[in-house]
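Observations on chain architecture
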Amino acid sequence: MLYVGIDIGSTAAKAVLIDESKTRILTRILMPSGWNSRETAESILNQILSEGYSRDEMRITATGYGRVSVPYADNTLTEITCHGKGAAFLGGDNLTVIDIGGQDTKVIFLVNGRVIDFVMNDKCSAGTGKFLEVMANRMGLTLQEFFSFAERGRDIKISSMCTVFAESEIVSLMGIGTPREDIACGAVGSVVSKVASLVSRKNSHSNGKFFLTGGFCDSAFIIKKLSEGLNVEVQTAPDARYAGAIGAALLGK
Amino acid sequence: MADYHSMWESLGMDVKTHDLLCEALPGAFGDVYLSQENRPESMDYFNLVVAEIHGLRPAELVEHKKNGGKVVGTFCIHVPDEIPVSAGAIATGLCSGSQFWVPGGEKKLPAATCPLIKASLGARFDRTCPFFRLADMFVGENTCDGKKKAWEILSEDAEMYIMDIPQMKRPEDYAHWNEEIHGYLKKCEELTGNKVTPANLRAAIKLLNLKRKALQRLASFRKLENIPISGKDVLLITQIAFYDDPARITNQINKLCDELEERAKNNVSVFPKGTKRILLTGTPLSIPNWKLHHIIETLGGAVVCEEMCTGVRYYEKCVDESGSTIDEMISHLTERYMGAIHCACFTPNHERIDDIKRLAEEYKADGVIDVNLKFCGIYDIEGYFVERELNKAGIPVLGVETDYTDNDVEQLKTRIGAFLEMLGN
């Protein structure tokens, strides 16, 4: 039996295929979630099948906001459980996992590989990937450009309470001629401070070892800023953006 | 459903707008309640009451008023129903649990007010709740800043009587609440024209204690390993208890409990083995707010207890029945209505934390969900202690904040689903 995990998030859909012994990732798939989660789920399955695997030899677990739109899944689990499991696979059994997702930011506390507690941002997308996307769009930058601007910028204070308010704050900053580099740097700082405040709400659970999952795992700048904000070296791994999918696959029975 | 349009019209209701609510309710009730499997048969009575929630009971109130009786509307479980009942009036809860009434409330109140308060004012000002039309007097209380100020706005349209609930529990505060209850008695006597005798008051205390005992008996089945009734159904009964005729609902609850006793003998459960047991704590869930119970129970959890105003705070302790004079009985009411309710409006309020821990043990809860209605500052802030003390006690806890809309349902499902998964691993 092979194990497939599919993580359909608000922005990106991730999938992995894991071998029988649950130790090796055989296939990775990454695509935009698109307009229709169901179609995205279909094209993920087609891609796996096109690599020569058959549906009968796979156990499929779906997670993420689109988990209900994967009709062929054998099982669904929430992304908290899956990110926890995936992070334990990638980074170890005793960790505080930070996942900056498209619409949610979550902090998950792992003890001996088990989720013992978690905390998520409230309804607003402040402190999430969506927040940075909105800010980049507002300044006419792609996310890539946005990060390279941010790296050259000076940290200024931008509110982390509400995305809509932060956006109008940015409009005012642009109005008075603040360089885009500084605004970008401030926006990243705002996400970092949101994460830090989530962590500090449950600080007693943390053993001081932090692991970043999700789409920002390859952004050295975010990792640097997070490490500064939390006052500790934040770890990650090249496959950390697949953490939810990996966890889902590993939890397949 | 019988046609109550002419009654609603005679009550001065906005019947056209109210029809929208009447159209939406059966669907919502069907989805949440009638879809459940293996419900006790004696839920039929409560199904009927909900189906006709704005008809059946209001018609009885209309009849009562025709015979010269009075109706007193109340908002809070600190206000003793025994007082109006002993004066021959009917005490009733008021509409406050649906998003339907919120926009009406927002015409007068800041959007950043709790949905319960917004819905109450909306139901009155938009004339879409028969109970808000029928009450001759509304008893407000200053349990929070939102209510305190909202009553001032409500008083421009409705006959308000405000009770000053103390915010601490020192001897002088009990003395003050005692005086307030005496004042309420006098007010009810004026309203009804009836003098309250010790016999009347004793009878009212007994009547409402019987209702509490029935609700306690109902709750006791939720302590069993095999739970013979869903959390949703118990919530519904508790909500209806705020409106229905006390003697009748007591009988109906006891009838249901007889059926549950049979189920218990045969180890019948409405939940599969191993279902995670959840204690809810926090802000009230007024009818038809079934949102959290529905999410928890459709995700495979069971709600076993509500440490809420629409839960054990309402029925857990009885009023001491030993008083013989009015003064003695009012002292006993004071004890029950202040001493036995641990609302976040009091400072300090560690009795509530003790209650949550005790109830978690009694009902064998696997985890606690601390629910906060958006913009309820006192419960939100008290959540700090709830979380910290439960962590210390090794009881898993999840805090959620929500309102009456449906737009956070998916987010709640993720949080609550993850919490249940966490309890299961």
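About the criteria used
Throughout this description, residue numbers start from 1 for each chain and increase along the sequence as written. Throughout, the order in which chains and ligands are written sets their labels, letters from A for the former and numbers from 1 for the latter. Since the coordinates come from a predicted model, pLDDT governs what is reported: local features require at least 70, and pairs of side-chain atoms require 80 or more to be given and counted, while whole-chain, interface and lining totals use all residues. Counting from the N terminus, the helices are DSSP H or I runs at least four residues long and the strands are E runs at least two residues long. Here the globule rule is a power law, 2.2 Å times the number of residues to the power 0.38, and the radius of gyration is based on C-alpha atoms. Any residue pair is listed as a contact if its two C-beta atoms, each placed from the backbone, are within 7 Å. Orientation is described by lines fitted to C-alpha atoms, with helices fitted over the stretch in contact, and by angles between N-to-C directions that extend from 0 to 180 degrees. The cut-offs work like this: below 35 degrees is roughly parallel, past 145 is roughly antiparallel, 65 to 115 is roughly perpendicular, and the gaps in between are oblique. Under the definition applied here, buried Ala, Val, Leu, Ile, Met, Phe, Trp, Tyr and Cys residues are grouped into a nonpolar core through C-beta atoms within 7 Å. Note on burial: count the other C-beta atoms lying within 10 Å of the residue's C-beta; 20 or more is buried, 12 or fewer is exposed, in between is partly exposed, and C-beta positions come from the backbone. Pairing between two strands is assigned when DSSP locates at least 2 bridges connecting them. Left-handed is the label given to a crossing in which the near helix is rotated counterclockwise from the far helix by less than a right angle, and right-handed is the label when the rotation is clockwise. Each residue gets one label: Ala, Val, Leu, Ile, Met, Phe, Trp, Tyr, Cys and Pro are nonpolar, Asp, Glu, Lys and Arg are charged, and the others, such as Gly, are polar. Looking at any residue, its pLDDT shows the predictor's confidence there, from 0 to 100.

Description of the overall build of chain B
Scanning chain B from N- to C-terminus turns up 19 helices and eight strands. Computed over its C-alpha atoms, the radius of gyration of chain B comes to 21 Å, within 12% of the 22 Å expected for a compact globule of 425 residues. With respect to the three principal axes, the spread of C-alpha positions in chain B is 60 × 50 × 45 Å. The contacts of chain B with a sequence gap of at least 6 include a subset with a gap of at least 24, amounting to 74%.

Structural notes on the interface of chain A and chain B
Opposite the 12 residues of chain A that make contact, chain B presents 11 residues. Of all elements in the fold, only α2 (79–91) and β8 (114–120) of chain A reach the threshold of two or more residues within the side of chain A that touches chain B.

With respect to the packing of helix α4 (residues 143–152) of chain A against helix α6 (residues 180–201) of chain A
All names here are of chain A. Look at α4 against α6: their axes get within 7 Å of each other, and the N-to-C directions meet at 100 degrees. Relative to α6, the element α4 is oriented roughly perpendicular. Between α4 and α6, the contacting residues are F146, F149, A150 and R152 on the first element and R180, E181, A184, C185 and V188 on the second.

Observations regarding the nonpolar core
Membership of the largest hydrophobic core comes to 210 residues, with the highest contact counts inside it found for A:V4, A:I6, A:F118, B:L218, B:I278, B:L279 and B:V304. Excluding residues within four positions of it along the chain, B:L218 makes contact with B:V234, B:I237, B:I253, B:L256 and B:C257.

Quick look at the pairing of strand β3 (residues 25–32) of chain A
All names here are of chain A. Sheet topology note: the strand β2 (residues 12–18)/β3 ladder contains seven bridges and is antiparallel. Directly across from L17, in β3, lies its bridge partner T27. Hairpin remark: β2 followed by β3, antiparallel, with six residues in the connecting loop; positive phi at K22, about 55 degrees.

A look at the sheet that holds strand β1 (residues 2–8) of chain A
Residue and element names in this part refer to chain A. Strand order in the open sheet made by the five strands is β3-β2-β1-β4-β5, with mixed pairing throughout. Single-partner strands in this sheet number two, and they are β3 and β5 (75–76). Pairing of β1 with β2 involves six bridges; the strand directions are antiparallel. Counterpart to G5 in the pairing with β2 is V16. Along the sheet, helix α8 (residues 243–250) makes contact with β1, β2, β3 and β4 (58–63), crossing β1 at roughly 140 degrees.

Quick notes on helix α12 (residues 231–241) of chain B
The element α12(B) is extensively covered by neighbouring structure, given that 11 of its 11 residues are classed as buried. Looking at α12(B), one finds that the buried residues are B:G231, B:K232, B:D233, B:V234, B:L235, B:L236, B:I237, B:T238, B:Q239, B:I240 and B:A241.

Topic: unusual backbone geometry
For residues besides glycine, phi is generally negative; the peptide bonds are generally trans as well. Residue and element names in this part refer to chain B. Backbone torsion omega between I287 and P288 reads 0 degrees, so that peptide bond is classified as cis. With respect to the secondary-structure elements, P288 resides in the loop between β5 (276–282) and α14 (291–298). The omega angle of the peptide bond from T347 to P348 is -10 degrees, so this bond is cis rather than trans. With respect to the secondary-structure elements, P348 resides in the loop between α16 (326–339) and α17 (350–362). Positive phi is not limited to glycine here, since N38 has a value of about 60 degrees. Along the chain, the position of N38 falls in the loop between α2 (15–34) and α3 (44–51). Of the residues examined, N38 has 12 C-beta atoms within 10 Å and is grouped as exposed.

Brief notes about the packing of helix α10 (residues 171–192) of chain B against α16(B)
Residues and elements named next belong to chain B. Relative orientation of the contacting elements α10 and α16 amounts to 115 degrees, with a least axis distance of 9 Å. Taken as a pair, α10 and α16 cross one another with a handedness that is right-handed. Between α10, through Y174, W177, N178, I181 and H182, and α16, the contact on the second element is made entirely by I330, S331, L333, T334 and M338. Residues of the contact of α10 with α16, tallied by class, amount to six nonpolar, four polar and no charged.

Digging into the confidence of the model for chain B
Confidence along chain B averages 97 in pLDDT terms, with 100% of residues attaining 70 or more. Both scores are available for the predicted complex, with the pTM at 0.94 and the ipTM at 0.91.

Let's talk about the sheet that holds strand β8 (residues 397–402) of chain B
Note: strands within a sheet are paired through backbone hydrogen bonds, in either parallel or antiparallel orientation. Residue and element names in this part refer to chain B. Strands sit in the order β6-β5-β7-β8 across an open sheet of four strands; the sheet is parallel. The two strands at the open ends of the sheet, each matched to only one other strand, are β6 (301–307) and β8. Direction aside, the axes of adjacent strands within the sheet are offset by 30 degrees on average. Looking at chain direction, β5 and β6 are connected through six bridges and run parallel.

Quick notes on the environment of A:S125
Residues and elements named next belong to chain A. Tracing the sequence through the fold places S125 in the loop between β8 and α3 (129–138). With 23 C-beta atoms packed within 10 Å, S125 lands in the buried category. Note: C-alpha distance between S125 and G101 (24 residues apart in sequence) is 9.7 Å. In this view, S125 contacts Q103, K130, F131 and T163; residues no more than four positions away in its chain are not counted.

Looking at the environment of A:P32
Following the sequence through the fold, A:P32 ends up in strand β3. Spatially, the C-alpha atom of A:P32 lies 4.4 Å from that of A:A12, the residues being 20 residues apart in sequence.

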